[in-house]
2 protein chains.
Amino acid sequence: MNQKSLHGQKIAISGGGIGGAAAALALALRGAEVTLFERAKVFKEVGAGLQIGPHGWKMLDKWGVSQRITDLGFQPKDMIFRDAVDGSDLVTLTFDEEFENRYGGKYIVIHRSDLLTTLIEAARENGATLHNGIKVEDTFNEESGTGVELSLSTGDIFKADVFLAFDGVHSVQRAKMHGDKPVPSSYVAYRGTSSLVEDEEMKGLKSVIGYIGPHCHFIQYPLRGGNLLNQVAVFESKRYLDGLKIGNVPEDWGNNEELDSAYDHCTDFIQSRLPLMWRDKWWQMADLEAVDTWVNGRIILLGDAAHAPLQYLASGAVMAMEDAECVAQYAEDFVRAHGAVDWDRVLLEVETERVNRCRRVQNLGRFWGEIWHVDGAARLLRNELFRNAENNWYRYVDWLWGYDVTDRTYVQDPSKGDLPEGLEDYRYALAGTG
Amino acid sequence: MNQKSLHGQKIAISGGGIGGAAAALALALRGAEVTLFERAKVFKEVGAGLQIGPHGWKMLDKWGVSQRITDLGFQPKDMIFRDAVDGSDLVTLTFDEEFENRYGGKYIVIHRSDLLTTLIEAARENGATLHNGIKVEDTFNEESGTGVELSLSTGDIFKADVFLAFDGVHSVQRAKMHGDKPVPSSYVAYRGTSSLVEDEEMKGLKSVIGYIGPHCHFIQYPLRGGNLLNQVAVFESKRYLDGLKIGNVPEDWGNNEELDSAYDHCTDFIQSRLPLMWRDKWWQMADLEAVDTWVNGRIILLGDAAHAPLQYLASGAVMAMEDAECVAQYAEDFVRAHGAVDWDRVLLEVETERVNRCRRVQNLGRFWGEIWHVDGAARLLRNELFRNAENNWYRYVDWLWGYDVTDRTYVQDPSKGDLPEGLEDYRYALAGTG
């Protein structure tokens, strides 16, 4: 990483979530003049735990914050999948030395707010300017084609060489460019953190555990050095599906009443854990349909605004971080090769790499959700397949966890973003109906 | 095998299909006085090809007819499963020396009528008396408990020490003992044989090929030394399912019109083979629910009358042959141990062994059908599981093909007839609704 390579480049970012903060950091580290606008009055993340695979960890390491992240989070020894109906073990993914060597990074779980705070602080320490309480109301490419103008909620016009729209799943920029809306998955997530050390049943937990079952799953892992237990309960909402049939989906689909009976077909253990979930907030899960175009002149969609996925591959935040590092690294590489940056060509290369990478994560994430939630004979096939993968699971995740933007995997072969042959025709029940 | 062990024992059999003929042969080989009654004017089998796994071949060998069967049939080199939608290979089960050593037998395919004729001839050669055109109209256990009386359609009463009811899926004896009816599976089978040597696409075929796909499958294998091609097209009948919904199933469910569109979602290759199917007859597939009781005094249900399965494990005929050998061998063993046969105890032992063995085949056969016909994500899981089993499939069929009645596997542990844990709750959509 060359700390001067982007000296003099003016980068504007909207959105002070994990992706925007990561971009501010990655670009500031290359010497760029970074200004970030977050419309909320404070930088904060809604939610609880977050998983960072080795594909994310190695960027945090490159950015100099991996130690802080590891200290604040928790390094699980493995990830255990179990059947939610009978509680039996299906497969254990061990995060050992072989794993770390294979993927060049560690597996970390961390509180979302701890990750965000770390990135924000590091970006500032490296010279990025981060504003709160300012909204980017509109953006215009300059007629010269050499820059972009931001119209801010303060009434000011802000000029930059390039604008990164990290403004989330309900992105203003996305609406302008594509006009589409998130696709509801019919699943809802409840979250909750509680004391792990005082939890007689769970204390000493060192694993990420995923119970997967018909129309539901349930996740547990430690946070904050093992002091906190993070739990996530995700299930299909009958209220949503029934509403869809009559063309009238109630706003409160996935409500508390649904939570209370969503695991009736699962082990008593899971049911006994539900009282620990937060009940005043739940997340109606949705993703964005993959699109081919993220770039308009000097404006580029990134993070959730570009490719909000379902959560099944636990890679939403890491993908945004990959975007951040991709922009910074490809710009740096361009400077190294040509002496100066040509943002039009850099953005094009970023788009090719990232559109295809993210298309794969988005679509396989949907499929992954399907196979977690199958019932009947399909559940037994899934269980047998998972059990047989005990010593053979690397090949299913190499593409995900072994990824590095510097390899330009998808620039070299964009078709790697296509679904593997045979997966085109699986049923994603609700795609396109949202 | 002791050719005198059952000397003097009078055995009556109803049903001159494969099971009855096999029983006549197996018992005649032990010196029993066997009389078989078949109500049809000739011995004949309806249908075309039939598969005999090593569990069947080793009995044919014991009975001295394996060479004749191998000459009349065909010994495939392997069994290949393919996906019916895209035609891709899933798994190949190679019938090599390792296979034959493991299971103590060969894999043979043969025309049903060739197998039946061989068994009938061998039974007669060994002294069994086989009657055509005589129906066993009713049966009575003698009050002494030491024999059974058959009331024949000729008006005669026939007395025997024991009566084996091999009278098929629509068994008179089954109706008397249980009163249940076959359970329709909603699937229908078309069959057809044609010249293999003149078939440009298929000539030289040495494999059993099974294309498995959503709601259908399609089987091909050679018969009669490779001169004949046997094809079986099996698919789910919408007419049946729609009829079931309105409580009025039309008699002709699975008709020719349904055949012509049943493979529209499959490879062109399969569709191009359909004109070779016989169109004037089709089989509405059904099985019997597993029951615990086959014995009433000196009367025992056997073969399809006791345990008609769905066809997915290709073991219906072999199961009937296992029944035949089981009765003969257990009676012989009893004589060896005690000096004389006690039929009450022999039948009880046969019942324990065979009820549990057949329960397993029946229930796993239904499950096997389910996994052949899955769609969507489940199909992709199934395909992956099958592909991964390429060098690892023995463990799924050891219980089926490695079976030998002399091991008394299920006498020693009847619970081996239970579905493996986790399989109790798969969905067999139509069980119990027929």
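In this text, all values refer to a predicted model and were calculated from it rather than measured experimentally. (Residues numbered from 1 in each chain as written. Chains lettered and ligands numbered in written order. Predicted model: local features only at pLDDT ≥ 70, side-chain atom pairs only at ≥ 80, totals over all residues. Heavy atoms only, no water.)

## Section: the overall build of chain A
Logical step 1: Counting its secondary structure elements, chain A contains 15 helices and 18 strands.
Logical step 2: Here the C-alpha atoms of chain A give a radius of gyration of 21 Å, agreeing with the 22 Å that 2.2 N^0.38 yields for 434 residues.
Logical step 3: Dimensions along the principal axes, computed over C-alpha positions, put chain A at roughly 65 × 50 × 45 Å.
Logical step 4: Here chain A holds 434 residues, and the buried ones make up 59% of them.
Logical step 5: Put simply, 74% of the contacts in chain A that link residues at least 6 apart link residues at least 24 apart.
Logical step 6: Of the roughly 17100 Å² that chain A leaves accessible, carbon and sulfur atoms contribute 47%.
Logical step 7: Each charge class in chain A can be summarised by its mean position, and for the 45 positive and 65 negative side chains these summaries are 2 Å apart. (Helix = DSSP H or I, 4+ residues; strand = E, 2+ residues; numbered from the N terminus. Rg over C-alpha atoms; globule rule 2.2 N^0.38 Å. Buried < 20%, exposed > 50% of the residue type's maximum accessible area, 1.4 Å probe, protein only. Contact = heavy atoms within 4.5 Å. Areas by Shrake-Rupley, 256 points an atom, 1.4 Å probe, with all protein chains shown as cover. Lys, Arg positive; Asp, Glu negative; His and termini not counted. Charge placed at Lys NZ, Arg CZ, Asp CG, Glu CD.)

## Describing the sheet that holds strand β12 (residues 183–195) of chain A
Residue and element names in this part refer to chain A.
Logical step 1: Strand order in the open sheet formed by seven strands is β5-β4-β13-β14-β15-β12-β16, with mixed pairing between adjacent strands. Two strands in the sheet have a free side with no partner beyond their single neighbour: β5 (89–94) and β16 (283–287). Going across the sheet, the axis of each strand differs from the next one's by a mean of 20°, ignoring polarity. (Pairing = 2+ DSSP bridges. Axes fitted to C-alpha atoms, helices over the stretch in contact; angles between N-to-C directions.)

## Some words on the environment of A:Gly31
All names here are of chain A.
Logical step 1: Secondary-structure assignment places Gly-31 in the loop between α1 (18–28) and β2 (33–38).
Logical step 2: The partly exposed category is assigned to Gly-31, whose relative accessible area is 23%.
Logical step 3: Through-space distance from the C-alpha of Gly-31 to that of Gly-127 is 8.2 Å; in sequence the pair is 96 residues apart.
Logical step 4: Contact partners of Gly-31, with chain neighbours within four places excluded, come to Gln-3, Leu-6, His-7 and Gly-8.

## Focus: helix α5 (residues 112–125) of chain A
Residue and element names in this part refer to chain A.
Logical step 1: Here α5 contains 14 residues, and its C-alpha end-to-end distance of 20 Å stays within 8% of the 20 Å for a straight helix at 1.5 Å per residue.
Logical step 2: For α5, the complete set of buried residues consists of Asp-114, Leu-115, Leu-116, Thr-118, Leu-119, Ile-120, Ala-122 and Ala-123.
Logical step 3: Tucked inside the fold, the buried residues of α5 contact α1, β3 (49–52), α2 (54–62), α3 (66–72), β6 (108–111) and β7 (129–132). (Expected span 1.5 Å × (residues − 1).)

## Some details on helix α12 (residues 343–372) of chain A
Residues that lie three or four places apart on an α-helix share one face, since the helix turns once every 3.6 residues.
Logical step 1: End to end, α12(A) covers 41 Å across 30 residues, agreeing with the expected 44 Å (1.5 Å per residue, within 8%).
Logical step 2: Along α12(A), 23 of the 30 residues are buried, which leaves the element largely enclosed by surrounding structure.

## Here we look at the UniProt feature "domain: FAD-binding" (unreviewed entry) in chain A
Logical step 1: As annotated by UniProt and renumbered to match this structure, "domain: FAD-binding" (unreviewed entry) occupies residues 11–327 of chain A.
Logical step 2: Along residues 11–327 of chain A the backbone is 28% helical and 32% strand, and the end-to-end C-alpha distance reaches 11 Å. (UniProt positions renumbered as here; feature names shortened; annotations may be inferred.)

## Some points on the state of the cysteines
Residues and elements named next belong to chain A.
Logical step 1: Applying the stated criterion to the full structure yields zero disulfides over all chains.
Logical step 2: The thiol of Cys-326 is not disulfide-bonded; the next cysteine sulfur, from Cys-358, is found 9.0 Å away.
Logical step 3: When its relative accessible area of 0% is taken as the criterion, Cys-326 is described as buried.
Logical step 4: When its relative accessible area of 0% is taken as the criterion, Cys-358 is described as buried. (Disulfide = S-S within 2.5 Å.)

## Comments concerning the pairing of β2(A)
Residue and element names in this part refer to chain A.
Logical step 1: Extensive coverage of β2 is indicated by the burial of five of its six residues.
Logical step 2: Bridging between strand β1 (residues 10–14) and β2 involves five bridges; their strand directions are parallel. Bridge assignment links Ser-14 to a residue of β2, and that residue is Phe-37.
Logical step 3: With respect to chirality, the unit in which β1 leads through α1 into the neighbouring parallel β2 is right-handed.
Logical step 4: Here four bridges tie β2 to β7, and the two strands are oriented parallel to one another. Pairing of Glu-38 across the sheet is with Asn-132, part of β7. (Right-handed = clockwise from strand over helix to strand, strands pointing away.)

## Looking at the pattern of salt bridges
A side chain with one charge can pair with a side chain of the opposite charge if their charged atoms come near.
Residue and element names in this part refer to chain A.
Logical step 1: This structure, assessed with the given rule, holds 72 salt bridges over all chains.
Logical step 2: A salt bridge links Arg-102 to Asp-398, with the shortest nitrogen-to-oxygen separation between them at 2.8 Å. Highlighted residues: Arg-102 in helix α4 (residues 97–103) and Asp-398 in helix α14 (residues 394–401), separated in sequence by 296 residues.
Logical step 3: Residue classification places Arg-102 among the partly exposed residues on the basis of a relative accessible area of 42%.
Logical step 4: Asp-398 gets classed as partly exposed once you look at its relative accessible area, which sits at 27%.
Logical step 5: Each of Arg-30, Lys-62, Glu-325, Glu-332, Asp-333, Arg-336, Glu-349 and Arg-408 takes part in salt bridges that share partners, so that together they form one network. (Salt bridge = Lys/Arg side-chain N within 4 Å of Asp/Glu carboxyl O.)

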